[in-house]
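What the coordinates show
Residue strings, one per chain:
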Amino acid sequence: MAKITAGVATSHVPAIGVAMDLGKTQEAYWSPLFEGYEFSKQWISKEKPDVIFLVYNDHATAFDMKFIPTFAIGCAENFGIADEGWGRRPVPDVIGHPDLAWHISQSVIQDDFDLTLINEMEVDHGLSVPLSLMFGQPETWPCRVIPFAVNVVLYPPPSGRRCYNIGKAIRRAVESFDEDLNVQIWGTGGMSHQLQGPRAGLINSKFDADFMERLVNDPESLADMPHVEYMRDAGAEGVELVMWLIMRGALDEKVNELHRFYHVPASNTAVGHLILENSC
Ligand code: DHB
Ligand code: FE
């Protein structure tokens, strides 16, 4: 059977992708950030996941004001890399896993969560930057990826509790797929940041530290945090963090924390990163 073995959380700042694409990772501004992912790159090269269920948000790239799904699952064979205004990032296309994606869709929808099924989509920095951080710059990505896009861009995003619970439904779905697959689930976006308005540049390291600690050790209480708290304490874009709860919901109640990293700033954002392993 397929198994969710581990969860990864990471921010997805677009400038990180640019720094990698332009060969700037050794510059003084960037090197402390990339050092925080050295452990992760080693770890994942040994773990060799077959599939990553990658929870991310689209930033008005594949979706615009015409259609905004709350939860959208990518069922295609292939996902191109979007041009977000500066040309396509020089990274490989993302190869999907249609059989597993359709299985998850069937299971999660019949488990009472509504998903939008996507058969054609380009993916933006929300998905490509986490892959770059974890895998570096390979010619092809070393595993398949199922994109799972969550609306955190236009109000109303889903609640933390709904995200946490859909994570549990995703786990039930994956672990009823009749093929031996090593599946990881990633939750991306965050941490504290606000990109616009008078509070642009807001970072709240105390909030971020507390969020990471509770995500690991007390996710139940974190799931009840209302949107207004994310917005007030972590900035308007800090609400991306509800996506980390999807990842956490798909893991055991008690997890092994393998790695925790926090760095400020990358562009306008506090970067947080966790690797959590299921114990059984
Ligand atoms: C930045 C962060 C994001 O999460 C994003 O989607 C776009 C920009 C930033 O810090 O620049
Ligand atoms: Fe973002």
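Residues numbered from 1 in each chain as written. Chains lettered and ligands numbered in written order. Predicted model: local features only at pLDDT ≥ 70, side-chain atom pairs only at ≥ 80, totals over all residues. Heavy atoms only, no water.

**A few points about the site of ligand 1**
Heads up, the condition is: We define proximity as follows: a residue is near a molecule or strand when any one of its heavy atoms falls within 4 Å of that partner. Pairing of N or O atoms within 3.5 Å defines a polar contact, subject to two protein rules: one partner must be a possible hydrogen donor and the other a possible acceptor, and residues neighboring in sequence count only if both atoms are side-chain atoms. For this classification, the nonpolar set comprises Ala, Val, Leu, Ile, Met, Phe, Trp, Tyr, Cys and Pro, the charged set comprises Asp, Glu, Lys and Arg, and every other residue, Gly included, is treated as polar.
Taken together, His12, Val13, Pro14, His59, His125, His193, Leu195, Glu240, Ala266, Ser267, Asn268 and Thr269 are the residues near ligand 1. Here an oxygen atom of ligand 1 sits 2.7 Å away from a polar atom, N or O, in the side chain of His59. In the environment of ligand 1, an oxygen atom lies 2.6 Å from a nitrogen or oxygen atom belonging to the side chain of Ser267. Here the residues of the shell around ligand 1 are counted per class, giving 4 nonpolar, 7 polar and 1 charged.

**Details of the coordination of the iron ion (ligand 2)**
Each donor-metal-donor angle in an ideal tetrahedron of four donors is 109.5 degrees, and each such angle in an ideal octahedron of six donors is either 90 or 180 degrees. What counts here: Keep in mind that water is not among the atoms, so a site may look incomplete; donors are the N, O and S atoms within 2.8 Å of the metal, or 3.2 Å for Na, K and Ca. Secondary structure elements follow DSSP: runs of H or I no shorter than four residues count as helices, runs of E no shorter than two count as strands, and numbering proceeds from the N terminus. For every residue, the accessible area obtained with a 1.4 Å probe (protein chains only) is divided by the maximum for its type, and the residue is called buried under 20%, exposed over 50%, and partly exposed between those limits.
Looking at the iron ion (ligand 2), one finds its protein donor set to be His12 (NE2), His59 (NE2) and Glu240 (OE), positioned 2.1 to 2.3 Å from the metal centre. Look at where the donors of the iron ion (ligand 2) fall in the sequence and you get H-x46-H-x180-E. Taken together, the residues span a long stretch of sequence, with His12 in the loop between strand 1 (3-10) and helix 1 (14-21) and Glu240 in the loop between helix 9 (227-234) and helix 10 (242-249) at a distance of 228 residues. His12 gets classed as buried once you look at its relative accessible area, which sits at 4%. Residue Glu240 is classed as buried on the basis of its relative accessible area of 3%.

**A word on the sheet that holds strand 2 (residues 51-56)**
Spelled out, the test is: At least two DSSP bridges between two strands are needed for those strands to be called paired. Axis definition: a line fit to C-alpha positions, over the contact stretch in the case of helices; interaxial angles, taken between N-to-C directions, run 0 to 180 degrees. The contact rule is simple, with two residues in contact once any of their heavy atoms fall within 4.5 Å.
Ordered in space as 6-3-8-2-9-1-11-10, the 8 strands form an open sheet in which the pairing is mixed. The sheet terminates laterally at strand 6 (116-118) and strand 10 (255-266), the two strands that pair on one side only. Shown here is a sheet whose adjacent strand axes are inclined to one another by a mean of 20°, direction ignored. As defined by bridge partners, strand 3 (residues 71-74) adjoins strand 8 (residues 144-150) across 3 bridges and the pair is classed as antiparallel. Across the sheet, residue Phe71 finds its bridge partner in strand 8, namely Val150. Sitting on the sheet, helix 7 (residues 205-217) is in contact with strand 10 and strand 11 (269-278), with an inclination near 165° to strand 10.

**Here's the deal with a nonpolar patch on the surface**
We apply this condition: Patches draw on residues past 30% relative accessible area with no salt bridge. Two like charges within 9 Å are joined, as are two nonpolar side chains (Val, Leu, Ile, Met, Phe, Trp, Tyr) within 5 Å. Using the Shrake-Rupley algorithm and a 1.4 Å probe, accessible areas are obtained, with residue cover drawn only from the displayed protein chains. What counts as a salt bridge is simple: a side-chain nitrogen of Lys or Arg found within 4 Å of a carboxyl oxygen of Asp or Glu.
Side chains of Met65, Ile68, Val153 and Leu154 sit close together on the surface and give an oily, nonpolar patch of about 370 Å² of accessible area. Looking at where Val153 falls in the secondary structure, it is placed in the loop between strand 8 and helix 6 (160-174).

**Concerning the packing of aromatic side chains**
Here is the rule: Centres within 6.5 Å are what make two rings of Phe, Tyr or Trp a pair, Trp counting through its six-membered ring; a difference in plane orientation under 30 degrees is then read as stacked, over 60 as edge-to-face, and the rest as tilted.
This model, assessed by the stated rule, comprises 11 aromatic pairs. Consider the rings of Phe71 and Phe148, whose centres lie 5.9 Å apart with planes at 25°: the pair is stacked. Here Phe148 lies in strand 8 and Phe71 lies in strand 3, a separation of 77 residues in the sequence. Where Phe135 meets Trp141, the ring centres are 6.4 Å apart and the plane angle is 50°; that geometry is what we call tilted. Residue classification places Trp141 among the buried residues on the basis of a relative accessible area of 8%.

**Comments concerning the nonpolar core**
For the record, the criterion: For our purposes a nonpolar core is just a set of buried Ala, Val, Leu, Ile, Met, Phe, Trp, Tyr and Cys residues, chained together by side-chain atoms within 4.5 Å.
In terms of nonpolar packing, the biggest core is built from 55 residues, with Phe148, Ile185 and Ile246 touching the most fellow members. No other element matches helix 6, which puts 7 residues into this core. Among residues more than four places away in sequence, those in contact with Phe148 are Phe53, Leu54, Val55, Tyr56, Phe71, Ala72, Ile73, Leu115, Ile166, Ile170 and Ile246.

**With respect to helix 7**
We count it as follows: Given the number of residues in a helix, its expected span is that number minus one, multiplied by 1.5 Å. Here, the arc refers to the directions that run from the helix axis to the C-beta atoms.
Relative to the 18 Å expected for 13 residues at 1.5 Å per residue, helix 7 spans 18 Å between its end C-alpha atoms, a close match to the ideal helical length. Among all positions in helix 7, only Phe207, Asp208, Phe211, Met212, Leu215 and Val216 are buried. In a view along the axis of helix 7, the buried residues occupy a sector of 155°, so they form one face of it. Its buried side turned inward, helix 7 meets helix 8 (219-222), helix 9, helix 10, strand 10 and strand 11.

**Some thoughts on the environment of Pro147**
Checked against the element boundaries, Pro147 lands in strand 8. In the structure, Pro147 is positioned 51 residues away from Gly96 in sequence and 7.8 Å away in space, judged by C-alpha atoms.

**Section: the confidence of the model for the protein**
Put simply, the test is: A score between 0 and 100, pLDDT records how confident the predictor is in each residue.
Per-chain confidence: the protein averages 97 in pLDDT, with 100% of residues scoring 70 or above. Per-element confidence in the protein is highest for strand 8, whose mean pLDDT is 99, and lowest for helix 8, whose mean pLDDT is 96.

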